[in-house]
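Report on the structure
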Amino acid sequence: MSNSSGGQQGPAARQAAMAEQVLADGSATAAELAERFGVSLMTIHRDLDELERQGIVRKFRGGVTAQPSGVFESNVQYRLKTMRAEKAAVAEHALRLVEPGMAILLDDSTSTLEIARRLRTAEITPLTVVTNFLEAINLLSGQRGIHLMALGGDYDPLHSSFLGVSCVEAVEQLRVDVCFASTSAVHGGYAYHQEQHIVSVKRAMLDAAARNVLLIDHTKLGRVALHRVVPLSRFDTLLVDDGASPEALRDLDEHKVRYEVCAMTAREP
């Protein structure tokens, strides 16, 4: 149904509403958006060009999508909505590796955010949690028994995290017991990610930990992205939900990856 007020909105407000819709639905055609917002296709394409420039969405012939590709990582607001049950199952499993007195590092992935959610009620204290992810910082700030260390750097709103050289340097001054991390893709014995500035921070985090654990949902298996992060041998354990196909698990076996399959029986905290 056409939204007659859409054409009366300013471009910024219309683009924000458009981004919200695409992030919620995953994708949309230009024609659908033109009808929804009551503006011309030419105006819609200008709006989509701007949203693509901001890195919120990527355009394809006739439409736009918030879903990831080998060179485009989805906006954090989209990733927060996807694969929640799978991420929850993996996070429940990961929590078994956390013991009172530890210092743990959480990267800026929505998979490790599920660990942060559970730390609010798990009472695994005292505990030191180090992270560059604003979503996790907000969850854990003021939490009794948790010493929270926020890693500074250049704030990136698309990832809701702090990145850059200053973040890498801050990580290099630390030594933690366990680093919990996730990447966009896993294939052929390597972990991959689309963005170089994310890769440098993840590598520094892995170097700062005595033990590294990779958390992924099954859709990331058998996929590649632009940048190799590290060989999977850098992780002591890979945790994946039980939606993983036998073929994908065989690939992990062939590359001698240590992994555990996590049953999707976890409930939301």
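Residues numbered from 1 in each chain as written. Predicted model: local features only at pLDDT ≥ 70, side-chain atom pairs only at ≥ 80, totals over all residues. Heavy atoms only, no water.

Turning to the packing of helix H1 (residues 11–25) against helix H2 (residues 30–37), a few remarks are in order. Interaxial distance between H1 and H2 falls to 12 Å at its minimum, and their mutual angle equals 130 degrees. As far as their axial angle goes, H2 and H1 are oblique. In the crossing of H1 with H2, the sense of the turn from one axis to the other is right-handed. For the pair H1 and H2, contact is made by Arg14, Ala17, Met18, Gln21 and Val22 and by Leu33, Arg36 and Phe37, respectively. A class-by-class count of the residues in the contact of H1 with H2 yields five nonpolar, one polar and two charged. (Axes fitted to C-alpha atoms, helices over the stretch in contact; angles between N-to-C directions. Helix = DSSP H or I, 4+ residues; strand = E, 2+ residues; numbered from the N terminus. Parallel < 35°, antiparallel > 145°, perpendicular 65-115°, else oblique. Left-handed = near helix turned anticlockwise from the far one by under 90°. Contact = heavy atoms within 4.5 Å. Nonpolar A, V, L, I, M, F, W, Y, C, P; charged D, E, K, R; others polar.)

We now examine the sheet that holds strand E11 (residues 190–193). Strand order in the open sheet formed by three strands is E10-E11-E13, with antiparallel pairing between adjacent strands. Strand pairing shows two members of the sheet lacking a second neighbour, strand E10 (185–187) and strand E13 (227–231), which therefore form its edges. Direction aside, the axes of adjacent strands within the sheet are offset by 30 degrees on average. Pairing analysis gives four bridges linking E11 to E13, with the strands arranged antiparallel. The partner of Tyr190 across the bridge, within E13, is Pro231. The sheet contacts of helix H9 (residues 196–207) involve E11 and E13, and relative to E13 the element is tilted by about 10 degrees. (Pairing = 2+ DSSP bridges.)

On to the domain arrangement of the protein chain. Here the protein chain is described as being made up of domain 1 (11–67) and domain 2 (78–262). Taking only C-alpha atoms into account, the centre of domain 1 sits 31 Å from that of domain 2. (Domains from an automatic or database assignment.)

Here the focus is H1. Taking 1.5 Å per residue, 15 residues should reach 21 Å; H1 reaches 21 Å between its end C-alpha atoms and fits that length. Buried within H1 we find Arg14, Gln15, Met18, Ala19, Val22 and Leu23. Along H1, the residues classed as buried sweep out an arc of 165 degrees about the axis, all on the same side. Those residues of H1 that are buried lie in contact with strand E1 (27–29), H2, helix H3 (41–53), strand E3 (63–65) and helix H4 (76–79). Two residues or fewer past H1, Gly26 is found with a positive phi of approximately 95 degrees. (Expected span 1.5 Å × (residues − 1). Buried < 20%, exposed > 50% of the residue type's maximum accessible area, 1.4 Å probe, protein only. Arc of directions from axis to C-beta.)

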